[in-house]
Amino acid sequence: MRIEESLRRGLGCGQDKIFVIGFNKNAGTTIAHLCMKNLLEAHHQPNWGFSAGLGKYQRGNFWNKFKCFSDGGNKEDFKFLSAHYPDSLFILNCRPIKDWLFSRFKHGFSEHSKGQETPLWPCTSDTLAAWIKANQKHHINVVKYFSRKPEQLIITDISQPDWLPFLCEFSGLDFYDLHSNKRSSTVLSENDIKEFNTSLLEACDLLGITVNDLEASLFLESSLNTNLSKSLQLIKNNLTFMIK
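In this report, we go over the structure that sits alongside the text. (Residues numbered from 1 in each chain as written. Predicted model: local features only at pLDDT ≥ 70, side-chain atom pairs only at ≥ 80, totals over all residues. Heavy atoms only, no water.)

Here the focus is helix α8 (residues 190–207). The first and last C-alpha atoms of α8 sit 26 Å apart over 18 residues, in line with the 26 Å expected at 1.5 Å per residue. Among all positions of α8, only Asp192, Phe196, Ser199, Leu200, Ala203, Cys204 and Leu207 are buried. When α8 is viewed along its axis, its buried side chains cluster within an angular range of 140° and face the same direction. Exposed and oriented more than 90 degrees from the buried face of α8 are Glu190, Asn191, Lys194 and Asp205. At the exit of α8 stands Gly208, carrying a positive phi of roughly 75°. (Helix = DSSP H or I, 4+ residues; strand = E, 2+ residues; numbered from the N terminus. Expected span 1.5 Å × (residues − 1). Buried < 20%, exposed > 50% of the residue type's maximum accessible area, 1.4 Å probe, protein only. Arc of directions from axis to C-beta.)

Next up on the list: the side chain of Asp213. Tracing the backbone through its elements, the reader meets Asp213 in the loop between α8 and α9 (230–236). There is a polar contact of 2.9 Å between the side chain of Asp213 and the backbone nitrogen of Thr210. (Polar contact = N/O pair within 3.5 Å; in protein donor to acceptor, adjacent residues only side chain to side chain.)

What follows deals with the packing of aromatic side chains. Evaluated as defined, the whole model comprises 13 aromatic pairs. Relative to Phe69, the ring of Phe19 has its centre 5.2 Å away and its plane inclined at 20°; by these criteria the two rings are stacked. You can see Phe19 sitting in strand β1 (residues 18–20) and its partner Phe69 sitting in strand β3 (residues 68–70), a full 50 residues away along the chain. Owing to a relative accessible area of 1%, Phe69 belongs among the buried residues under this scheme. For the ring pair Phe102 and Phe196, a centre distance of 5.0 Å and an interplane angle of 65° mean the geometry is edge-to-face. Here Phe196 lies in helix α8 and Phe102 lies in helix α5 (residues 97–113), a separation of 94 residues in the sequence. An aromatic cluster is built from Phe19, Phe66, Phe69, Phe78, Tyr85, Phe90, Tyr145 and Phe146, whose rings are joined through pairwise contacts. When the ring centre of Trp131 is taken as reference, the NZ or CZ atom of Arg104 above it lies at 4.8 Å. (Phe/Tyr/Trp six-rings, centres within 6.5 Å; stacked < 30°, edge-to-face > 60°. Lys NZ or Arg CZ within 6 Å of the ring centre and 35° of its normal.)

Looking at where Lys106 falls in the secondary structure, it is placed in helix α5. Judged by relative accessible area, Lys106 falls into the partly exposed class, the value being 22%. Residues Lys106 and Leu188, 82 residues apart in the sequence, show an inter-C-alpha distance of 7.6 Å.

Let us look at the pairing of strand β5 (residues 153–157). Most of β5 is tucked away, with 5 of its 5 residues classed as buried. Residues Leu153, Ile155 and Asp157 point to one face of β5 and Ile154 and Thr156 to the other, with burial holding for every one of them. In this sheet, β5 lies alongside strand β4 (residues 89–94) in parallel orientation, the contact comprising 5 bridges. Note that in β5 the partner of Leu92 across the bridge is Ile155. Note: β5 against strand β6 (residues 240–242), 3 bridges, orientation parallel. For Ile155, the partnering residue across the bridge sits in β6 and is Phe241. (Pairing = 2+ DSSP bridges.)

In structure tokens:
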């Protein structure tokens, strides 16, 4: 039985779930809406359980309420969730790193301009460097872990025009042509964009990489990932992913 057929059967009953474990600003809202269009209970908020500080039984009760979880999944213990929900699907949603950083910058700018506190602002070179390192650490940890159970993981690059049909094909979800972007109206001035580009160049200098390195969607092909061995590159061949 193909994994998507098994997943489709399991989502109607039992403990099979979908966990979206990429960082925010990677189409998590769109994936949540896709799940809801498929009549699956979706939780699209940070703090699923561990990061919310819930106790053991509170976490169990919380996870049992929903079939799909998105937004902030990079903060959760995906290894624990995989062990306790072994028939579930995990989606690592990503995009070219530079685009992801800029989207976070826009999000922080929007929140800040409304007078709201946000960890995404101010967006300094140190902040950008920390985001890049966190991004790479998470991606490597995810791929290494699921190399032992590749049928549980789908990796999709949301910058690809056919990423949503691809995700539906391999997840067993019915396809709906939708796109959700709550921040599409955010307008940045030339000075704001210049500030971002300057901070980004400084962040790259701090890390010993170039801006061109940030065109990668999953792994930086640079000295930053000295622990990314050839064996890890081979592991990727066993996973279901769309990174072109």
